[in-house]
Each structure stands twice: as C-alpha cells, then as structure tokens.
Amino acid sequence: MRRIAWIAVAGLAAAQLWGAGFNSKQVAESATWVVHADLESLRQTQLGGFLMSKLTTGDAANKLAAFAAVFGFDPRQDLNTVTLYGKSKDPTHSVVLAGGKFNESQLVTLLKANGTYQSLTFGRYTLHSWIDADKAAEGRKYGAFHPSGVILASRGQEALQEALEVLDGSRGA
C-alpha cells in the first residue's frame, strides 16, 4: 500500500506541472494558499499513463475496484480535478473541491449510515455533516454536492458555505 501512496503523491506532484484546467473563479478571494491537480490532463501524459498502468494491475487494482464498488466512482477514471484552498493552516478554514463523475445518491447513503450523520440546509443546498469514528478528535466534517459536478468537503461549515457561494458566483472569487 505504501507503493500506491507514493505513486499517488508522484501523480499529484506531476499534475502540478500541468496545471491546465485550474479555474481561479472556483477559489475564494480570501484564500491564502491553493493546490490544484488536473488529473484528467495528467492521465493523457506519458507519466500519467505509467501511473495508470500501475493502478490497474495487481493489488492496487483490486483495492481500487473495491473502493469503486463501495463509493460508486473509480478515482482512476472519474476524478478529474482536485483543488484544495484555505485562508490559513487551520483545517476548518480549508476546502477540498473534487471535480468528476460521482454517484451522489450512493455517497449520501454511505454518509447516512454513520450514526453521527446530520443534514443542514444552506440555500438550495443540503450540507452533509458527520464525525469520522476513526478520527473523532478532528471533529465534525462537512460536505456538499454542487450541480457542476464538484464535491466539496471541509472541516469547517462556514468555509464550505463560502465555497458554495463562490461556485455559484454570489461571493467573490
């Protein structure tokens, strides 16, 4: 599994070299740092092809196939971009935007299976909230689905709400 982690890290690092697909309008103007990975473009490169070949064989392929069965999406094919940004090092002021093809109903069903699950309404959005049993000390986590095909996640409700407003264009980007 360490090998998979290193391959993933190398892939994300390489994706930084091909930053096409980054949309600054998806990032709050209050952000002090941003990290973006264009995985769709990475897959089209020689390095991306090599990484995908490593992730489609052996133990890595089996684990990712199990992941895809449980979560309803295969990150090797369905995850196109990942953008992280924040106002500080505090994780409650940071947001992850994952763009791609996701099975929203399957993901919500999995979230609802968590005994700490709560849903909140924010404008036209349902905010999903839960506590990860393995990381309870991190506190509550928040997530939402944007109609543009972006999943948002944060450890701060306010950061998530601001990110939704930025994606909608109702708050500065």
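See the structure above.
Each residue is numbered by its place in its chain's sequence as written, counting from 1. Only residues with pLDDT of at least 70 get local features here, since the model is predicted, and only at 80 or more are side-chain atom pairs given and counted; chain-wide, interface and lining totals rely on the full set of residues. In computing side-chain properties, one takes all heavy atoms of the structure into account and sets aside hydrogens as well as water.

A. Region of interest: the environment of Ser-88. The way it works is that DSSP assigns letters per residue, a run of H or I at least four long becomes a helix, a run of E at least two long becomes a strand, and they are numbered from the N terminus. In this structure, Ser-88 sits in the loop between strand E2 (79-86) and strand E3 (94-100). Exposure classes here rest on a 1.4 Å probe applied to the protein chains alone. A residue is buried below 20% of its type maximum, exposed above 50%, and partly exposed in between. Under the relative-accessibility criterion, Ser-88 is labelled partly exposed at 24%. Taking the C-alpha atoms as reference points, Ser-88 and Thr-32, 56 residues apart in sequence, are found 6.5 Å from one another. N or O atoms within 3.5 Å of each other form a polar contact, as long as, within protein, one can give a hydrogen and the other can take it, and as long as residues adjacent in sequence are counted only when both atoms are side-chain atoms. Within the local environment of Ser-88, its side chain forms a polar contact with the backbone nitrogen of Asp-90, the two atoms lying 3.1 Å apart.

B. Spatial organisation of the pairing of E2. A large share of E2 lies buried, amounting to seven of its eight residues. The pairing criterion is simple: DSSP has to find at least two bridges between the two strands. Relative to E2, strand E1 (residues 33-38) is paired through six bridges, and the arrangement is antiparallel. Its bridge partner lying in E2, Val-34 is registered against Tyr-85.

C. Structural context of the pattern of salt bridges. By definition, a salt bridge exists where a carboxyl oxygen of Asp or Glu is found within 4 Å of a side-chain nitrogen of Lys or Arg. On inspection of all chains with the given rule, the structure shows six salt bridges. A salt bridge links Asp-74 to Arg-76; the shortest N-O distance between them is 2.7 Å. The same class applies to Asp-74 as to Arg-76, namely buried. When the shortest N-O distance is used, the salt bridge between Glu-138 and Arg-155 registers 4.0 Å. Taken together, the residues Glu-138 in the loop between strand E5 (125-131) and strand E6 (140-146) and Arg-155 in the loop between strand E7 (150-154) and helix H7 (157-168) connect sequence positions 17 residues apart. Classification of Glu-138 as partly exposed rests on a relative accessible area of 31%. Arg-155 gets classed as partly exposed once you look at its relative accessible area, which sits at 28%.

D. Spotlight on empty space enclosed by the protein. The definitions used throughout rest on a 1 Å grid laid over the protein atoms alone, on which a cavity is an enclosed set of points accommodating a 1.4 Å probe that cannot get out and a pocket is an open set flanked by protein within 12 Å on both sides along at least five of seven lines; lining residues are those having an atom within 4 Å of a point. Grid points are joined across faces, edges and corners, and a volume is the space filled by probe spheres set on the points. Applying the stated criterion across every chain, the model contains one cavity of 30 Å³ or more. Empty space within the largest cavity amounts to approximately 40 Å³. Lining the largest cavity, in full, are Ala-28, Ser-30, Tyr-85, Gly-86, Lys-87, His-93, Val-95, Ala-159, Glu-162 and Ala-163. Of all the secondary-structure elements, those providing two or more residues to the lining of the largest cavity are E2 and H7. Counting residues per element, the lining of the largest cavity draws most heavily on H7, at three residues.

E. Broad picture of the side chain of His-36. Relative to the elements of secondary structure, His-36 occurs in strand E1. Within polar-contact distance, the side chain of His-36 engages the side chain of Thr-83 at 2.7 Å.

F. Here's a closer look at the nonpolar core. Working definition of a nonpolar core: buried Ala, Val, Leu, Ile, Met, Phe, Trp, Tyr and Cys residues. They are joined through side-chain atoms within 4.5 Å. Ranked by internal contacts, the top residues of the largest apolar core, which has 17 residues, are Tyr-85, Val-95, Leu-97, Leu-152, Leu-160 and Leu-164. Contributing elements (two or more residues each) for this core: E3, E5, E6, E7 and H7. Ranked by residues supplied to this core, first place goes to H7 with six residues. Any two residues whose heavy atoms approach within 4.5 Å are treated as being in contact. Setting aside anything within four residues of it in sequence, one finds Leu-97 in contact with Gln-26, Thr-81, Val-82, Thr-83, Tyr-85, Val-150, Ile-151, Leu-152 and Leu-167. With seven residues, the next largest nonpolar core counts Leu-51, Leu-79, Val-82 and Ala-98 among its residues.

G. Just the pairing of strand E4 (residues 118-122), in detail. Bridging between E4 and E5 involves five bridges; their strand directions are antiparallel. If you follow Gln-118 over to E5, its bridge partner there is Ser-129.

H. Geometry of the side chain of Asp-38. Mapping Asp-38 onto the fold places it in strand E1. In this structure Asp-38 is buried but unpaired, with Arg-43 as the nearest side chain of opposite charge at 7.0 Å. Engagement of the side chain of Asp-38 in a polar contact is seen with the backbone nitrogen of Glu-40, the distance being 3.4 Å. A distance of 2.8 Å separates polar atoms of two side chains, one belonging to Asp-38 and the other to Ser-41. Lys and Arg are tallied as positive, Asp and Glu as negative. Neither His nor the chain termini are counted.

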